[in-house]
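# Structural characterization, general
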Amino acid sequence: MGVRIGAGLGFYGDAWAPVAATLARGEVQYIGSDHLSELTLAILQKDRMKDPGAGYTRDLVPMMTALWPAARQHGVKFLLNAGGLNPQGAAAVLAAEFAKRGWQAKVAVVTGDGVLDRLDELQAAGDSLAHMDTGADIASVRERMLFANAYLGAQPLVEALRQGADIVLTGRVADAALFMAPLIHEFDWAWDDWQKLAQALTVGHLLECSGQGSGGNFNAYGEHGWQSIPDYPHLGYPIAEVSADGTAVITKAPGTGGRVDFDTLRQQLLYEVHNPHRYFSPDVVLDMGTLRLTDLGNDRVEVKGASGLPRTDSLKIVGGYADGWAGSATIGYCWPQAYQKARATERIVRQLLAERKLDYEEIHSEFIGLDSLLGPLADTSRADELNEVYLRMLVRTPDKRLAEAFPRQIPWLGLSGPPTASGFSGIEPARALLGLWPTLARRELIESQVQVTVTNT
Amino acid sequence: MRLVDIAHARSGDKGDRADIGLFARNAADYAIIRRTVTAERVAAHFRGIAAGPVEIWPLDNLWAIKIVLNGALQGNAARSLRSDNLGKCLAAALLRMEIETT
């Protein structure tokens, strides 16, 4: 008998209506829901600075409130990394909500990924915590570090399922671990069965970005391109049907939109992968070079042939540190000479900043409608004919007050600058910028602190 | 001819690294891509975006190549000042690249 797992959310803010469709018609036993990204931890850290009880993704409670009755009815278990920087806080608010409704569930919380207060201890134990890519010394950012979390593997999640958890709440775990754990648990795969773990990792990677695995964000053009994807409003999230030998079929719930085929699936397979022959996870290293994706038709693609290499002795940690402030403002201009007028305003602002000795590390300009998304790769040959264009300017500075001062340089140009200024964004608040610090630590130093706590709501 | 005529692509982010999966529709187009989409060509195409070296990882089993643009995201998405802070449009920007088919 195979195991069927459905994709939950693919990011903090994603929609759960497609998950409801999976619960109703997808015949799944598990949902893995990925709420975190490098950027999300930065957002959660900002929440936590305002309120120490926060730090989890706030979509957890409304999502589980909406989905739990159907999940219960169909006997579906959930694994979610919605705990973010505060899995226990997340579990507490979820338990309170369930108690209020008289719902019962066994909730497991996985902790131990947060290592901010253990950095000195890890260094003392011999891990340099140097930047993984640049080799830089962590001392340069140590004082400004706001969070630091290790990517845990599937082991504590499997342990939670063994203890009978209905809902497994984690902080930072490898995204794919949310999907690997049910497979390892159900099939009782060994922790050194690298081929099967590699298949599990492949499945997890294909499901961890929700609709991107079933025709969403399908960046293809022409006959079978994005315009041929059926029924975007009801796009179904991917579902994996996995056999005991690791062979998987990726599909989606009947009656949903989107498309699962060779093309939509391979776009997701390589998404955010660096060396495809060494795709690292805490539990196994995947070589995608031997994978075979076979289109079976009817939104079914068979995935087999993943090669697995033994896991490494270290776990990845990503830290985030305060890295200055951004100030920003946006102002629009219409035809005629929309772009010329926006360019003139940009030059005026730059000149005033220099004259007023407002000293910024970086001044960034974009013209929305012309080059704000493509930057230097935009084709600007027809810029003079634009109906309208917005100038967006941003500055970077270590000084919050300087960032706040920036948008105040703009409004007066509405009456005293180039004509037709309109659509000013207002005095936007300064935005905190975060640097990221990816590094490695010895596995045992992290895993020895990992705890799984199971409670009944 | 441009890459968009024979291939599709998706981009993502990891720290300061943008990555693009580029996918040919058939073996013949994959051969063209393998020949024309070199690290040098891609680096020239992304001048002004990618500060670091470009890596190319071919995957014959998928008619695909993985392209990694190092130093392409102003540090990372939470530090970038760009509207496209995640580099989501870099795959589309690659598809605009002119290629020689003969």
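Residues numbered from 1 in each chain as written. Chains lettered and ligands numbered in written order. Predicted model: local features only at pLDDT ≥ 70, side-chain atom pairs only at ≥ 80, totals over all residues.

## Thoughts on the overall build of chain A
This is how it is decided: Helix and strand definitions follow DSSP, with helices as H or I runs of at least four residues and strands as E runs of at least two, each counted in order from the N terminus. All radius of gyration figures rest on C-alpha atoms, and the globule criterion is 2.2 Å times the number of residues raised to 0.38. It is the C-beta atoms, placed from the backbone, that decide contacts: two residues are in contact if theirs lie within 7 Å.
A count of helical and extended segments in chain A gives 13 helices and 18 strands. Against the 2.2 N^0.38 benchmark of 23 Å for 457 residues, chain A shows a C-alpha radius of gyration of 24 Å, consistent with a compact globule. Judged by the C-alpha coordinates and their principal axes, chain A covers about 75 × 60 × 50 Å. Counting only contacts in chain A whose residues sit at least 6 apart along the sequence, the fraction spanning at least 24 positions is 77%.

## Examining the interface of chain B and chain A
For interface size, the figure often reported is the accessible area lost on association. We count it as follows: Each residue receives one of three labels: charged for Asp, Glu, Lys and Arg, nonpolar for Ala, Val, Leu, Ile, Met, Phe, Trp, Tyr, Cys and Pro, and polar for the others, Gly being one of them.
Taken together, the contacts link 35 residues of chain B with 43 residues of chain A. Within the residue set of the side of chain B that touches chain A, elements represented by two or more residues are β1 (7-14), β2 (17-24), β3 (54-59), β4 (64-69) and α3 (90-95) of chain B. The element that contributes the greatest number of residues to the side of chain B that touches chain A is β1(B), accounting for six residues. Residue classes in the side of chain B that touches chain A are distributed as 16 nonpolar, nine polar and 10 charged.

## Some thoughts on the sheet that holds strand β2 (residues 30-33) of chain A
Residues and elements named next belong to chain A. Note the following rule: In this scheme, strands are said to pair when DSSP sees at least two bridges between them. Fitting a line to C-alpha atoms yields each axis, with helices limited to the stretch in contact; the angle taken between N-to-C directions then spans 0 to 180 degrees.
Here 10 strands make up an open sheet; going across it, the order is β11-β12-β8-β7-β1-β2-β3-β6-β4-β18 and the pairing mixed. Both outer strands of the open sheet, β11 (292-295) and β18 (451-456), are each paired with one neighbouring strand and no more. The sheet shows a mean angle of 20° between the axes of neighbouring strands, taken without regard to direction. In the packing of helix α8 (residues 194-207) onto the sheet, the strands contacted are β1 (3-7), β2, β7 (238-242), β8 (248-252) and β12 (301-304), and the crossing angle to β7 comes to about 165°.

## Examining the environment of Gly153(A)
Residue and element names in this part refer to chain A. Of note, glycine 153 is situated in the loop between β5 (145-150) and α6 (155-162). Distance in space between the C-alpha atoms of glycine 153 and alanine 181 is 8.7 Å, their sequence separation being 28 residues. In contact with glycine 153, other than residues within four places in its own chain, are Ala174, Ala177, Ser281, Pro282 and Asp283.

## Brief notes about the nonpolar core
Generally speaking, a soluble globular protein has its nonpolar side chains buried in company with each other. Put simply, the rule reads: By definition, a nonpolar core groups buried Ala, Val, Leu, Ile, Met, Phe, Trp, Tyr and Cys residues that are joined through C-beta atoms within 7 Å. Using C-beta atoms placed from the backbone, we call a residue buried if 20 or more other C-beta atoms fall within 10 Å of its own, exposed if 12 or fewer do, and partly exposed for counts in between. Boundary definitions for the domains trace back to an automatic or database domain assignment.
Counting residues in hydrophobic clusters, the biggest one holds 175 residues, and the most contacted among them are Leu157(A), Val168(A) and Leu22(B). The biggest single contributor to this core is strand β14 (residues 314-334) of chain A, with nine residues. Counting residues domain by domain, this core receives three or more from each of domain 1 (3-113 + 151-312) and domain 2 (322-436) of chain A. Beyond its immediate sequence surroundings of up to four residues, Leu157(A) is in contact with Leu79(A), Val110(A), Val168(A), Thr170(A), Val173(A), Ala177(A) and Ala181(A).

## What to know about the domain arrangement of chain A
Domain assignment breaks chain A into domain 1 (3-113 + 151-312) and domain 2 (322-436). Computed from C-alpha coordinates alone, the two centres of domain 1 of chain A and domain 2 of chain A are separated by 39 Å.

## Details of unusual backbone geometry
All names here are of chain A. The omega torsion of the bond from tryptophan 335 to proline 336 falls at 0°, within 30 degrees of zero and hence cis. Its identity is not glycine, yet aspartate 231 carries a phi of approximately 50°, on the positive side. Along the chain, aspartate 231 turns up in the loop between α8 and β7. Look at glutamine 337: it is not a glycine, yet its phi comes out positive at around 60°. Relative to the helices and strands, glutamine 337 is located in the loop between β14 and α10 (338-355). For glutamine 337, a count of 17 C-beta atoms within 10 Å gives the class partly exposed.

## Things to note about the packing of helix α1 (residues 17-25) of chain A against helix α3 (residues 60-74) of chain A
Residue and element names in this part refer to chain A. To keep it simple, the criterion reads: Working definition: roughly parallel below 35 degrees, roughly antiparallel above 145 degrees, roughly perpendicular at 65 to 115 degrees, and oblique for all remaining angles. A crossing counts as left-handed when the near helix is turned anticlockwise from the far one by less than a right angle, and as right-handed when that turn is clockwise.
With their axes 9 Å apart at the nearest point, α1 and α3 run at an angle of 20° to one another. Taken together, the axes of α1 and α3 are roughly parallel relative to one another. The handedness of the crossing between α1 and α3 comes out as left-handed. In this structure, α1 contributes Val19, Ala20, Leu23 and Ala24 to the contact, and α3 contributes Leu67, Ala70, Ala71 and His74. Counted by class, the contact of α1 with α3 contains seven nonpolar, one polar and no charged residues.

## Quick notes on the environment of Pro53(B)
All names here are of chain B. When you line up the elements, proline 53 lands in the loop between α2 (39-45) and β3. On the basis of neighbour counts, which here come to 11 C-beta atoms within 10 Å, the residue proline 53 falls in the exposed class. Measuring from C-alpha to C-alpha, the distance between proline 53 and leucine 69 comes to 6.6 Å, with 16 residues separating the pair along the chain.

## A word on the pairing of β2(A)
Residues and elements named next belong to chain A. This is how it is decided: When the strands point away from the viewer and the path from the first strand over the helix to the second turns clockwise, the crossover is right-handed.
The side-chain alternation of β2 yields two buried faces, one formed by Tyr30 and Gly32 and the other by Ile31 and Ser33. In the sheet, β1 pairs with β2 via three bridges, with the strands oriented parallel. Note on β2: the bridge partner recorded for glycine 6 is isoleucine 31. The parallel pair β1 and β2 is bridged by α1, and the resulting crossover is right-handed.

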